[in-house]
Amino acid sequence: MTAFAVEVLEPDTAGVAARRHAFWARLGRLTWIAPVLVALAVTTLYPTVFLLALAFSKSTLGKPFRGFVGIKHFATALQDPVFLSAIGRSVAYALATSMVQLALGFLIALLFTSLLKAGRFLMSLVLLPLMTPPVMVGIAWKLIFAPAGGLLNGALITYGVVSEPISFLGHPTLAWLAIGVADLWQWTPFIVILCFAALSTIPEGVHEAALVDGANGWQRFWHITLPLVAAPLSSIYLLKLILSFKLFDLVYILTFGGPGFATTSAGFAIYRRAIEQFDVGRAAAETMVYALVIGLVTLPVVRLHQHFERREL
Amino acid sequence: MRPSGRHLWLGLAAAPIVGFFALPFLYLIAVSLKTKDDVLNGRFWPTTPTLANWPAAFEAANILGFILNSVIVSLLSGLVTIALALPSAYAVLRLKIGGKWLSDVTLSSYMAPPIVALIPLFFLLKTIGLLDTRAGLVLIYSFANVPVAFWLLMPFLRRMPIEIEQAAAMDGAGPFRTLLQIVVPIIAPGIVATFIIVTVLSYNEFLFASAFTFSDATRTLPVGISLFQGDRLVNFGQMAAASLAGIAPVYLVALFMQRYLVSGLAHGGVK
């Protein structure tokens, strides 16, 4: 029943058929994006709802949702100095490592850009740290920083800088520096690649025009190069900030949060609370607090990026 | 550009940078060749090189099994991720389904640290009976990397000349056939780059793997290596050998595929 049937139908019924057809067409279109919607539901929507429910309930890893406890877990988390300082350390670490690595990565990218062909070769070399599993990065640096037989202590003693080996990973500040160095080793190459790409989008003619106008190297960098890459640089900073907030593997391998709680990042604190102490209710509350803090810290950077992008248009 | 004098200086400036990035890798090789006493003297290269650590490491832990688990899980999840992300990215860009809203939500979902999903996903796997299985890890990684793949594929799709797709549509090809037979072959390098990146992300992943697997039959390499320094006697030489064995597959891929990788990372990272 096709052409003929449509002909004899009342106009109203034809409208229903058309709407029904539109409904199926829309559903057909939806199947295109269904995979992403499912992925988002599983990895983002469901965890958020589930965490919220856990955070307000008495829950262990074995037996979740055993009664409503109100804001008790949030109150405990916000009064726990160990957790609060873990959050503070994570924020400071993310801001500092991102800034240092952006500056360093940008300088290396400038250097590689000037090296032309050789720079491209070096680029494929620095790709390797990025590909290295973070656990293995941690182990390599642990061997370098080890008190007995570590490369760094060996060198320091050989050149007479120190007489006794230093326990780098056993000292609160030095242990953070060690994690920072391993992080820098792994992620600066990524920033170099992104900065290199951003620099290569600057049209040749711009520099030549400035050269004709008599601008020196520094002037060209400050007034031309930097403004042109400001927008991508801010998005690279944002990306590294997000990656730094995920810090976990290096802490686990290099220090396991120690000495004491000195290098316990927020992520590591939550992991231990949930997986070792099975206190998932409180861990859920801590996770929500941490996620909120990340949002608050990254928001100004997002705004900055939007500002640069608008200026470009 | 001035002649080679300037280049020489720039080259000299690049040397310590390359040295720094090569150092941990070279040191791992050196330590893997050291005897137990040699490890403690703190020199760079071994005084009496030995290969004994390598077989010893493979005996002390099920390294080969861990590597196999990692390879299976990462390859499968890489394939599924691409299969999930490619049609969606194409639909958002060309068929105008989902639109800016979907790409924004997809991107921002990547901002939350994975620790947020750790506990809920643990219970999810427990409920569907996939805790401590490779299938469970494949499921989680496939979904978790979709935003990354979505974001990396987008610029490749965007640069594809739309006229070719329009011509295919004129010839009566539906959107799905156009995607499969016209678009995929043209942006193949971008798909390869994206596949490698999401596969390596899964291969390297540690947080989920350490919480969702607890037997040697399912453990991936990073988890296996992390145990190496835990309950077993710490032996630096064996640890270095095991680590190198785990890094080797990724470095091989990186060396053979570097051209794709640099372009994939560079285009996807910055809008």
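Below is a short write-up of the structure. (Residues numbered from 1 in each chain as written. Chains lettered and ligands numbered in written order. Predicted model: local features only at pLDDT ≥ 70, side-chain atom pairs only at ≥ 80, totals over all residues. Heavy atoms only, no water.)

## Quick notes on the interface of chain B and chain A
On the chain A side, the residues contacting the 87 residues of chain B number 89 residues. Of the roughly 7500 Å² buried where chain B meets chain A, counting both sides, 82% is carbon and sulfur surface. The interface formed by chain B and chain A includes zero salt bridges. For the interface between chain B and chain A, the tally reads eleven residue pairs in polar contact (both at pLDDT 80 or more). Its residues placed into classes, the side of chain B that touches chain A shows 68 nonpolar, 15 polar and four charged. (Contact = heavy atoms within 4.5 Å. Buried area = accessible area lost by both parts, 1.4 Å probe. Salt bridge = Lys/Arg side-chain N within 4 Å of Asp/Glu carboxyl O. Polar contact = N/O pair within 3.5 Å; in protein donor to acceptor, adjacent residues only side chain to side chain. Nonpolar A, V, L, I, M, F, W, Y, C, P; charged D, E, K, R; others polar.)

## Considering unusual backbone geometry
What you tend to see is this: most non-glycine residues have negative phi, and most peptide bonds are trans. Within the chain, F256 of chain A stands out as a residue other than glycine whose phi angle is a positive 50°. Despite not being glycine, D132 of chain B shows a phi value in the positive range, around 60°.

## So, the environment of A245 of chain B
Residues and elements named next belong to chain B. Residue placement: A245 occurs in helix α14 (residues 236–269). In this structure the C-alpha to C-alpha distance between A245 and D37, which are 208 residues apart in sequence, comes to 22 Å. Other than its neighbours up to four places away in sequence, A245 contacts W54, F58, I63 and I67. (Helix = DSSP H or I, 4+ residues; strand = E, 2+ residues; numbered from the N terminus.)

## What to know about the packing of aromatic side chains
Residue and element names in this part refer to chain B. Following the criterion strictly, the structure yields 31 aromatic pairs over all chains and no others. Centroid distance F25 to Y251: 5.1 Å. Interplanar angle 50°. Geometry classified as tilted. Here Y251 lies in helix α14 and F25 lies in helix α1 (residues 4–32), a separation of 226 residues in the sequence. The class of Y251 is buried, set by a relative accessible area of 8%. Residues F208 and F212 carry aromatic rings whose centres are separated by 5.5 Å and whose planes lie at 10° to one another, so their mutual orientation is stacked. One end of the pair, F208, and the other, F212, are both in helix α12 (residues 207–212), four residues apart, so they sit about a helical turn from each other. Per residue, the accessibility class of F208 equals that of F212, and both read buried. (Phe/Tyr/Trp six-rings, centres within 6.5 Å; stacked < 30°, edge-to-face > 60°. Buried < 20%, exposed > 50% of the residue type's maximum accessible area, 1.4 Å probe, protein only.)

## Here we look at helix α12 (residues 266–276) of chain A
Within an α-helix, residues lying three or four positions from one another point in the same direction, as the helix has 3.6 residues per turn. Residues and elements named next belong to chain A. Among the eleven residues in α12, nine count as buried, and that is most of the element. Within α12 the residues assigned to the buried category are A266, G267, F268, A269, I270, Y271, R273, A274 and I275. A positive backbone phi angle near 60° is found at F278, which sits one or two residues after α12.

## Section: a positive patch on the surface
There is a patch of like positive charges on the surface, built from K58, K63, R66 and K72 of chain A. Inspection of the secondary structure assignment puts R66 of chain A in the loop between α2 (11–55) and α3 (72–79). (Patch = residues over 30% accessible without salt bridge, like charges linked within 9 Å, V, L, I, M, F, W, Y side chains within 5 Å. Areas by Shrake-Rupley, 256 points an atom, 1.4 Å probe, with all protein chains shown as cover. Lys, Arg positive; Asp, Glu negative; His and termini not counted. Charge placed at Lys NZ, Arg CZ, Asp CG, Glu CD.)

## A word on the side chain of T218 of chain B
Residues and elements named next belong to chain B. Topologically, T218 is positioned in the loop between α12 and α13 (221–228). On the basis of relative accessibility, which here comes to 7%, the residue T218 falls in the buried class. One polar contact links T218 to D132, side chain to side chain, over a distance of 2.5 Å. For T218, the residues in contact, after removing those within four places along its chain, are N69, D132, T133, R134 and T213.

## Overview of the packing of helix α6 (residues 134–145) of chain A against α13 of chain B
Viewed as axis vectors pointing N to C, α6 of chain A and α13 of chain B meet at an angle of 30°, and their least axial separation amounts to 9 Å. The orientation of α6 of chain A relative to α13 of chain B falls into the category roughly parallel. Within the contact between the two elements, α6 of chain A uses V135, M136 and I139 of chain A and α13 of chain B uses L221, P222, I225 and S226 of chain B. Of the residues in the contact of α6 of chain A with α13 of chain B, the class split is six nonpolar, one polar and no charged. (Axes fitted to C-alpha atoms, helices over the stretch in contact; angles between N-to-C directions. Parallel < 35°, antiparallel > 145°, perpendicular 65-115°, else oblique.)

## What about the pattern of salt bridges?
Applying the stated criterion across every chain yields a total of eight salt bridges over all chains. Across the pair K240 of chain A and D183 of chain A runs a salt bridge, and its minimum N-O distance is 3.2 Å. You can see K240 of chain A sitting in helix α10 (residues 217–245) and its partner D183 of chain A sitting in helix α8 (residues 172–199), a full 57 residues away along the chain. Like K240 of chain A, the residue D183 of chain A is buried in the burial classification. Among the salt bridges present, the one from D216 of chain B reaches R219 of chain B, with a minimum N-O distance of 3.0 Å. For D216 of chain B, a relative accessible area of 32% puts it in the partly exposed group. One network of salt bridges, in which partners are shared, links D80, R273, R282 and E286 of chain A.

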